[in-house]
2 protein chains.
Amino acid sequence: MPSLKMEYNSEACTRSIIAVRDTLYVLSGKWKLPIIIALSGGPIRFKDLQRLLQDITPKILSKELKELELNEFVTRTVYATSPVTVEYAPTKYSESLNNIIGEMRTWGLQHRKRIMNSSRRSKKRALADA
Amino acid sequence: MPSLKMEYNSEACTRSIIAVRDTLYVLSGKWKLPIIIALSGGPIRFKDLQRLLQDITPKILSKELKELELNEFVTRTVYATSPVTVEYAPTKYSESLNNIIGEMRTWGLQHRKRIMNSSRRSKKRALADA
DNA sequence: GATACTACTATCCAAAAGGATACTGGTCCC
DNA sequence: GGGACCAGTATCCTTTTGGATAGTAGTATC
């Protein structure tokens, strides 16, 4: 027997879910946020970006950068130097993600401490590395 | 020629990336955040949760709930009623995600407006639905 | 002219994620 | 005792994701 209040809440809840799903959608995958963070220091070249991200392969990096360009989070500029250099830079719009990234960073730090201090035998499913 | 400043920044950047990756790791997939949001209204039963989330299949819902339990975001309580009822409830720890969820919700709302108002032909890769 | 570096692309493959469909075991309702 | 509802499981399959490995075109270096 759903009350009016329930009705209202469930609609508000659905709206929240849709909004969060939209966000998840454009930020999907393992690499988009790390790439945006890596770019936040300013323009950077493909190879340097790859180095900064440690274990990303060029294929994946290339694919992710294209999607980020499509969504207007990064720009790609080719300089006619010899060997041509290509620089990727964050857009103004990418800064709108700063709050999300900040909160995720804070939460991640806190979570890692919590897991490390806990008596769990297994840290599987709790931290990104081994 | 990396300056000392560059060195520092790249380490800070790496730390941010690790923290964000930890967060992404436990919240991975399409459903975990939506489920947590759906639970935020209080205890709810399996079938009602499934209804609230619209198009999730019981297999996926069951799997996600198990992972959320492992990470201490939800509790599962069985009541010895007849037909047994099972209630899923958010834990205190799940509230620590409120800031992240709030920011993602705000960003998602803003992003959808932006895309809808833009003259892009294609909204592919920009919004979660068709 | 051999080697090296940059910015990728191409091919192939494995694993994970997600979903469709069907089913089970229990209980209630009539 | 036939149908319905609940809380899932079981099986199968497709798609997506991510990665390993190799290669290319162009230039610069020694």
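Being a predicted model, the structure only gives us computed values, none of them experimental.

**Q** Describe the overall build of chain A, listing the residues and the values that go with them.
**A** Helix and strand counts for chain A stand at 5 helices and 3 strands. Sequence-ordered secondary structure for chain A, helices as α and strands as β, is α-α-β-α-α-β-β-α. Expected size for 130 residues packed as a compact globule is a radius of gyration near 14 Å; at 19 Å, chain A overshoots this value by more than 25%. In terms of its C-alpha atoms, chain A occupies a principal-axis envelope of roughly 70 × 40 × 25 Å. Taking all 130 residues of chain A together, 26% fall into the buried category.

**Q** Before we move on, can you summarise the protein's contact with DNA strand D with the specific residues and values?
**A** The local shell around DNA strand D holds 21 residues, among which Gly29(A), Lys30(A), Ser82(A), Lys47(B) and Val86(B) are the closest. Those elements giving two or more residues to the surface near DNA strand D turn out to be helix H4 (58-70) of chain A together with helix H3 (46-52), helix H4 (58-70) and strand E3 (85-90) of chain B. Per-class residue counts for the surface near DNA strand D are 10 nonpolar, 6 polar and 5 charged.

**Q** A description of the relation of the copies chain B and chain A should follow, citing residues and the corresponding values.
**A** Of the two same-sequence chains, chain B is brought onto chain A (RMSD 0.0 Å, axial shift 0.0 Å) by a rotation of 180°. On this basis, the relationship between the two copies can be described by a two-fold rotation axis. The position closest to the rotation axis in chain B is occupied by the C-alpha of Ile100(B), lying 3.1 Å away. By residue overlap, the copies meet face to face through one surface: 100% of the interface positions of chain B are interface positions in chain A.

**Q** A description of the interface of chain B and chain A should follow, citing residues and the corresponding values.
**A** Facing the 40 residues of chain B at the interface are 40 residues of chain A. Of all the secondary-structure elements, those providing two or more residues to the side of chain B that touches chain A are helix H1 (4-26), helix H2 (32-39), H4 and helix H5 (98-117) of chain B.

**Q** Let's hear about the environment of Lys66(A): which residues, and what values?
**A** All names here are of chain A. Of note, Lys66 is situated in helix H4. The exposure class of Lys66 is partly exposed, given the 13 C-beta atoms found within 10 Å. Sequence separation between Lys66 and Arg76 is 10 residues; the distance between their C-alpha atoms is 9.1 Å.

**Q** Requested: an account of the protein's contact with DNA strand C, with residues and values cited.
**A** Near DNA strand C you find 21 residues, and of these Pro58(A), Val86(A), Gly29(B), Lys30(B) and Ser82(B) are the closest. Elements with a minimum of two residues in the surface near DNA strand C: helix H3 (46-52), H4 and strand E3 (85-90) of chain A together with H4 of chain B. In the surface near DNA strand C, the residues fall into 10 nonpolar, 6 polar and 5 charged.

**Q** Give me the nonpolar core: which residues, what numbers.
**A** If you look at the biggest cluster of nonpolar residues, it comprises 47 residues, and the most contacted ones within it are Val20(A) and Val20(B). Contributions of two or more residues to this core are made by helix H1 (4-26), helix H2 (32-39), H4 and helix H5 (98-117) of chain A together with H1, H2, H4 and H5 of chain B.

**Q** So what about H4(A)? Which residues, and what values?
**A** Residues and elements named next belong to chain A. Between its first and last C-alpha atoms H4 spans 18 Å; for 13 residues at 1.5 Å apiece the expected length is 18 Å, and the two agree. Along H4, the residues that are buried comprise Glu64, Leu65 and Leu68. Burial along H4 is one-sided: seen end-on, the buried residues are contained in an arc of 105°. Of the residues in H4, the exposed ones pointing more than 90 degrees away from the buried face are Lys59 and Ser62. Contacts made by the buried residues of H4 are with H2, strand E2 (74-79) and E3. Taken from the residues just after H4, Glu72 is the one with a positive phi, measuring 65°.

So, how was this worked out
Residues numbered from 1 in each chain as written. Chains lettered and ligands numbered in written order. Predicted model: local features only at pLDDT ≥ 70, side-chain atom pairs only at ≥ 80, totals over all residues. Helix = DSSP H or I, 4+ residues; strand = E, 2+ residues; numbered from the N terminus. Rg over C-alpha atoms; globule rule 2.2 N^0.38 Å. Buried ≥ 20, exposed ≤ 12 C-beta atoms within 10 Å, placed from the backbone. Near = placed C-beta within 6 Å. Nonpolar A, V, L, I, M, F, W, Y, C, P; charged D, E, K, R; others polar. Least-squares fit on C-alpha atoms with pLDDT ≥ 70 in both. Contact = placed C-beta atoms within 7 Å. Core = buried A, V, L, I, M, F, W, Y, C linked by C-beta atoms within 7 Å. Expected span 1.5 Å × (residues − 1). Arc of directions from axis to C-beta.

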